[in-house]
Structures are given as C-alpha cells and as structure tokens.
Amino acid sequence: DAQEDVLLFDQRLFISAGILGQKSTNNAQVNKYFYYPKVAGSYRFQNIGPFNDLKVRAAYGETGNEPTYGNKFSTLAASVFQGLNALQLGTVVASPDLHPEREKELEVGVDAGMFNSRVALSATLYQKNNTDLLLQSRLAPSTGFGTRFFNGGEIRNRGGEASLTAFPIQGKDLSWMTRVTYSRNVGRVISLPVPAFAPPNAFALAFGEGFIQQGKSPSQIVGTVNGVQTILGDYEPDFSMGWSNEVNIGPVRLFGLIDWRDGGYAVNLTQLLFDAGGLSPDVDAAAERVNQQFGNGTSQYIQPTSFAKLRELTVSYRVP
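The following paragraphs examine the structure supplied in this document.

How each quantity is defined
- All chains use their own residue numbering, which begins from 1 and follows the written sequence.
- Whole-chain, interface and lining totals are the exception, using all residues; otherwise, since this is a predicted model, local features are given only for residues with pLDDT of at least 70 and side-chain atom pairs are given and counted only at 80 or more.
- Values reported for side chains reflect all heavy atoms of the structure, with hydrogen atoms and water molecules removed beforehand.
- The helix and strand labels rest on DSSP assignments: H or I over at least four residues marks a helix, E over at least two residues marks a strand, and numbering proceeds from the N terminus.
- Throughout this description, a polar contact denotes any pair of N or O atoms lying within 3.5 Å of each other; where both atoms belong to protein, one of them has to be capable of donating a hydrogen while the other can accept it, and for residues adjacent in sequence the pair is counted only when both atoms sit in side chains.
- Note on contacts: a residue pair qualifies if any of its non-hydrogen atoms lie within 4.5 Å across the two residues.
- In short, DSSP must find at least two bridges between two strands for them to pair.
- Only the six-membered ring of Trp is used, alongside the rings of Phe and Tyr, when aromatic pairs are assigned; centres must lie within 6.5 Å, and planes under 30 degrees apart are stacked while those over 60 apart are edge-to-face, with the rest tilted.
- Sitting over a ring, as applied to charges here, requires NZ of Lys or CZ of Arg to be within 6 Å of the ring centre and within 35 degrees of the ring normal.
- Axis definition: a line fitted to C-alpha atoms, limited for helices to the stretch in contact. Angles are taken between N-to-C directions and run from 0 to 180 degrees.
- Put simply, buried Ala, Val, Leu, Ile, Met, Phe, Trp, Tyr and Cys residues joined by side-chain atoms within 4.5 Å make one nonpolar core.
- Burial classes follow relative accessibility: with a 1.4 Å probe on protein chains only, a residue under 20% of its type's maximum area counts as buried, one over 50% as exposed, and anything between as partly exposed.
- Nonpolar side chains (Val, Leu, Ile, Met, Phe, Trp, Tyr) are joined into patches within 5 Å and like charges within 9 Å, using only residues with over 30% relative accessible area and no salt bridge.
- All accessibility values rest on the Shrake-Rupley procedure with a 1.4 Å probe; residue burial counts only the protein chains present in the view.
- One speaks of a salt bridge when a side-chain nitrogen belonging to Lys or Arg is within 4 Å of a carboxyl oxygen belonging to Asp or Glu.
- To estimate the expected span of a helix, subtract one from its residue number and multiply by 1.5 Å.
- Taken from the helix axis, the directions to the C-beta atoms give the arc we talk about.

Let's talk about the side chain of Thr178
Logical step 1: Along the polypeptide, Thr178 turns up in strand S13 (residues 174-191).
Logical step 2: Reaching out from Thr178, the side chain makes a polar contact with the side chain of Trp243 at a distance of 2.8 Å.
Logical step 3: Setting aside its immediate chain neighbours within four residues, Thr178 contacts Leu164, Thr165, Ala166, Pro168, Trp243, Ser244 and Asn245.

With respect to the environment of Glu103
Logical step 1: When you line up the elements, Glu103 lands in strand S8 (residues 101-114).
Logical step 2: Residues Glu103 and Glu62 lie 41 residues apart in sequence; the distance between their C-alpha atoms is 5.4 Å.
Logical step 3: Here Asn130 takes part through its side chain, which lies 3.5 Å from a polar atom of the side chain of Glu103.

Description of the pairing of strand S2 (residues 13-22)
Logical step 1: Relative to S2, strand S1 (residues 2-8) is paired through seven bridges, and the arrangement is antiparallel. When the bridges of S2 are listed, Gln3 appears paired with Gly18.
Logical step 2: Count of turn residues in the S1/S2 antiparallel hairpin: four residues, of which Phe9 carries a positive phi of about 50°.
Logical step 3: Taken together, the 10 bridges between S2 and strand S3 (residues 34-45) define a ladder with antiparallel strand orientation. For Leu13, the partnering residue across the bridge sits in S3 and is Tyr43.

Some words on the packing of aromatic side chains
Logical step 1: Counted under the stated rule, the structure contains seven aromatic pairs.
Logical step 2: Relative to Tyr35, the ring of Tyr33 has its centre 6.2 Å away and its plane inclined at 25°; by these criteria the two rings are stacked.
Logical step 3: Among the aromatic residues, those joined into a cluster by ring pairs are Tyr182, Phe239 and Trp260.
Logical step 4: Directly above the ring of Phe150 sits Arg148, whose terminal nitrogen or CZ lies 4.4 Å from the centroid.
Logical step 5: Over the ring of Phe307 we find Lys309, and its NZ or CZ is 4.8 Å from the ring centre.

Some remarks on helix H1 (residues 269-276)
Logical step 1: Measuring from the side-chain oxygen of the N-cap residue of H1 to the backbone nitrogen of Thr270 gives 3.4 Å; that N-cap residue is Asn268.
Logical step 2: Gly278 sits one or two positions beyond H1 and adopts a positive phi of about 70°.

Things to note about the sheet that holds strand S10 (residues 134-138)
Logical step 1: Read from one edge to the other, the open sheet built from three strands follows the order S7-S11-S10, with strand pairing classed as mixed. Of all the strands in the sheet, the pair left with one neighbour each is strand S7 (92-94) and S10. Across the sheet, the mean angle separating the axes of adjacent strands is 30° when strand polarity is ignored.
Logical step 2: Relative to strand S11 (residues 147-151), S10 runs antiparallel, the two sharing five bridges. Bridging from a neighbouring strand, Gln136 pairs with Phe149 of S11.

Topic: the nonpolar core
Logical step 1: Judged by nonpolar contacts, Leu133, Leu135, Phe150, Ile155, Val189, Leu192, Val194 and Ile212 together constitute the single largest core of eight residues.
Logical step 2: Those residues in contact with Ile155, other than ones at most four positions away along the chain, are Lys128, Asn129, Asn130, Leu133, Arg188, Val189, Ile190 and Pro218.

Quick look at the side chain of Ser219
Logical step 1: Tracing the sequence through the fold places Ser219 in the loop between strand S14 (209-210) and strand S15 (220-225).
Logical step 2: For Ser219, a relative accessible area of 16% translates into the label buried.
Logical step 3: Of the polar contacts made by the side chain of Ser219, one reaches the side chain of Ser217; its length is 3.0 Å.
Logical step 4: At 2.6 Å, the side chain of Ser219 and the side chain of Asp234 are in polar contact.
Logical step 5: Setting aside residues up to four positions removed in sequence, Ser219 forms contacts with Asp234, Tyr235 and Glu236.

What about a nonpolar patch on the surface?
Logical step 1: A cluster of nonpolar side chains, Leu121, Leu164, Val180, Trp243, Ile258, Leu310 and Leu313, forms an exposed patch at the surface whose accessible area comes to about 640 Å².
Logical step 2: In this fold, Trp243 is placed in strand S17 (residues 239-249).
Logical step 3: Looking at Trp243, the relative accessible area reads 43%, which means it is partly exposed.

Here we look at helix H2 (residues 283-295)
Logical step 1: An ideal rise of 1.5 Å per residue puts 18 Å on 13 residues; H2 measures up with 17 Å between its terminal C-alpha atoms.
Logical step 2: All of the buried residues along H2 are Ala286, Arg289 and Gln293. In a view along the axis of H2, the buried residues occupy a sector of 65°, so they form one face of it. Pointing more than 90 degrees away from the buried face of H2 are the exposed residues Val283, Asp284 and Gly295.
Logical step 3: By the N-cap criterion, in which a side-chain oxygen at the helix start approaches the backbone nitrogen of a residue two or three places on, H2 is capped by Asp282, the distance to Asp284 being 3.4 Å.
Logical step 4: Just downstream of H2 lies Gly297, where phi reads positive at about 70°.

Okay, here's the thing in structure tokens:
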C-alpha cells in the first residue's frame, strides 16, 4: 500500500494518489497480486462573486471484492461404493482464473460557501462500475460437475447527492440552522454472460422477487400478471430527501428531521402471511387479495414504499 499527498499554490491545490496491492488464498492464483489505484484532486477559489469559498473536486478509485471462501474448491462428500465407505467429488468447480470483482468509481463535485459562510452548498455526481462479477453457471452433466464459479458481467450505478445548509439567524442567544439533502441512484446491468436469474435469497416469482437481467435495473422486481412474468416495480426509489432544522434559544435546543422517499416498491410477505392465515384486520380485503393472488395468478403483494415521516424530534436543555 503506497500513497502520496501534495499541497500546492498556497495550499489551494490538493493532489493525492495511491495504489493498493492484494493477494488472497480465496483466489485461484494465490500468489498473484491485484492492484487497485486511486487518485483525487481539488482546488479552492476564494472571494468569487457571492462565493467566499469555492472548491471543485474530482476522484477516481478502484477496489476489489474477493471470492467467498470455498468457491474455488470442489468439496468431498461421504459415499458408499460396493458396500465400502468412500469419498465422492462434489459437483461444484471454479474457473482456473477465479479472481476478485473490481469496482471502479469516478466522482466529481463542488463545495461552496456563500454570503460570509451563512449558506453552504455541496453537490456530487458519480458513476460506479462493478466488473468481473462473481457468477455461477450450469455445466453439462457429461463434465462431471453441475455448477461453475467464474468472473463475468458488469453492473453500472449512476447518481448524485446534494445538500444545502443555511443559517438564517446567527446570534448569541438565538440561532437557526436549516439543511436540505437530496440523493438519487440509477442502476443498470450492462452485460451478463449467463441467462437472467433471480438472486439466491429470492422468495417466489408468484409473489414478486428480484431479477438480474441484462439491460435492466439490478433492483427491479418481477412478478406475474395472469401467469405472465412482468416487471412490476423497482426497489430503488426515484429520489430521497431530508430536511432538518436546529434552533438554539439560550440553553434550549430544538431539533427536527423530516425524511421523504419518493418511488420504490417492496414485496410485502408479512401481509401475505397475515392474509393467508386469516389474521388481517380487514377480512374482506384480505380474502380478495388472496383470491387474486392464487386464483388469477396476479401478484398482490408488490407495494409502493414512498413515505414522508418525522424521523426525529428532540428538545434538550443545557445545564449551566
């Protein structure tokens, strides 16, 4: 692991670069190093128009996600051959070059202080690409194995984050700080060298489940409509926002946080179990959902997760 940081031009320009080398017995080639570089830079401007401080920044970095322990081994299982105890080779095999997934992220952003630092703005745009995904594929029975672990495929995430902080009142005995935050992420499966599949923890297509498919969102939810597989939602929200306020009146502090999530869906298996067991408060509505689910083959438990809530409200007093 090596890193170098440099400050130039009266400490306005900052440059950082580094590289990390890793090897692991979880990889097929235990003595091979995998290198992950990173570089970042920023430059600060002062007293430009309404900005008393303005920083532009950019960064790029790579990291790795190692194979799970045991992926590269074909396990031995107890067996009996012609009445004698024996060992039988497992049905899982790994690619001879099995190696870590690689995550590459690029981000650019700006941080600004305005009106004598009474207003602060921070904004970031990013793109994250996960390549060499750790996947499984089926093998022909004639090979003697059933499943192969290998690297392949790519998932991309793009998004942005922003926050705006203001101090409308700044006094010795009275102050008010307000902050608004915003975030959004959009994912896409760029390439997939295996047929589309449901994640290992998926429950059942009939009720709705995740589905990894090339050209689609990695967080999509698919279900059935009249027995036909259909995209019915996405776990990822359209955006998330937060609004917090802090008011100090002498020794008294008031704080509140409102959380808003717009868009996104989830599979409500809790309601499914209550409906199927006859435990839901609205018996008629529960019976209708169950009838639609099991009678007409239509997913009834994929539900929107949008909300706006008062997540926190605090009143405190500072003892002298």
